[in-house]
Amino acid sequence: MSGDIEALIVACIPSLRRYARGLTGDRDRADDLVQDTLERAWRRYSRWQRRGELRAWMFGIMHNHFIDGLRAHKRQPEFSGDTALDAVPARPTQDDGLAVRDLDRCLARLSEDQRAIILLISVEEFSYQEAARVLDVPVGTVMSRLSRARERLAALLAEAPPARAPATLHRIKP
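What comes next is a walk through the structure. (Residues numbered from 1 in each chain as written. Predicted model: local features only at pLDDT ≥ 70, side-chain atom pairs only at ≥ 80, totals over all residues. Heavy atoms only, no water.)

## A short note on the overall build of the chain
- Broken down by element type, the chain carries eight helices and zero strands.
- Sequence-ordered secondary structure for the chain, helices as α and strands as β, is α-α-α-α-α-α-α-α.
- Burial analysis of the chain (174 residues in total) assigns 34% to the buried set.
- Surface summary for the chain: the accessible area is close to 11600 Å², and the carbon and sulfur share equals 51%. (Helix = DSSP H or I, 4+ residues; strand = E, 2+ residues; numbered from the N terminus. Buried < 20%, exposed > 50% of the residue type's maximum accessible area, 1.4 Å probe, protein only. Areas by Shrake-Rupley, 256 points an atom, 1.4 Å probe, with all protein chains shown as cover.)

## Some words on the nonpolar core
- Core analysis: the largest hydrophobic core is formed by 43 residues, its most contacted members being Tyr19, Met58, Ile117, Leu120 and Leu135.
- Those elements that place two or more of their residues in this core are helix 1 (3-24), helix 2 (27-43), helix 3 (45-48), helix 4 (54-75), helix 5 (98-109), helix 6 (112-123), helix 7 (128-135) and helix 8 (139-159).
- Broken down by element, the residue count for this core peaks at ten residues, all from helix 4.
- Per-domain counts for this core show at least three residues from each of domain 1 (1-76) and domain 2 (96-161).
- In contact with Leu120, other than residues within four places in its own chain, are Tyr19, Phe59, Glu125, Phe126, Ala131, Val134 and Leu135. (Core = buried A, V, L, I, M, F, W, Y, C linked by side-chain atoms within 4.5 Å. Domains from an automatic or database assignment. Contact = heavy atoms within 4.5 Å.)

## As for helix 6
- The end-to-end C-alpha distance of helix 6 is 15 Å, a good match for the 16 Å that twelve residues give at a rise of 1.5 Å each.
- Among all positions in helix 6, only Gln114, Arg115, Ala116, Ile117, Ile118, Leu119, Leu120 and Ile121 are buried. (Expected span 1.5 Å × (residues − 1).)

## Section: unusual backbone geometry
- With a phi angle near 60°, Glu125 is a residue other than glycine that sits in the positive phi range.
- Along the polypeptide, Glu125 turns up in the loop between helix 6 and helix 7.
- At Asp136, a position not held by glycine, the phi torsion is positive, near 60°.
- As for its position among the elements, Asp136 is in the loop between helix 7 and helix 8.

Below, the structure written as structure tokens:
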């Protein structure tokens, strides 16, 4: 593999991390997903054969691996009690603000298909054609999923309580 191709693959890592974090809602699981994607891309590089953009090809590998993992998880017997996958992911810090926290929670409530299309088009700035290749669906499906995802996200955001400033302490004189 030439150094140019290695540089192209390395250049995809920040975008892959963002997409993985959006899909999983968890930093550790996202890092694992990126690692698995890079390993698969490295092993299957000869299959790419420069058909289409490398970035879209790698996002397709990631998306398919994520969906395969969801399917495998659904086939496993359920255990009583809470699992990490059942909980809505919470941001580890509040540094990003309450509005971002609400958006993150609303994104997590979208279906996997809707969340994936929002992340690909809005965050990663894929074209409809590139997103269609990543998800292996027709362009019309991308457009309709995106429309439904935006409507659902808007509805969820409208339901979310408005972001509030933290309560202030008032001094009470004795």
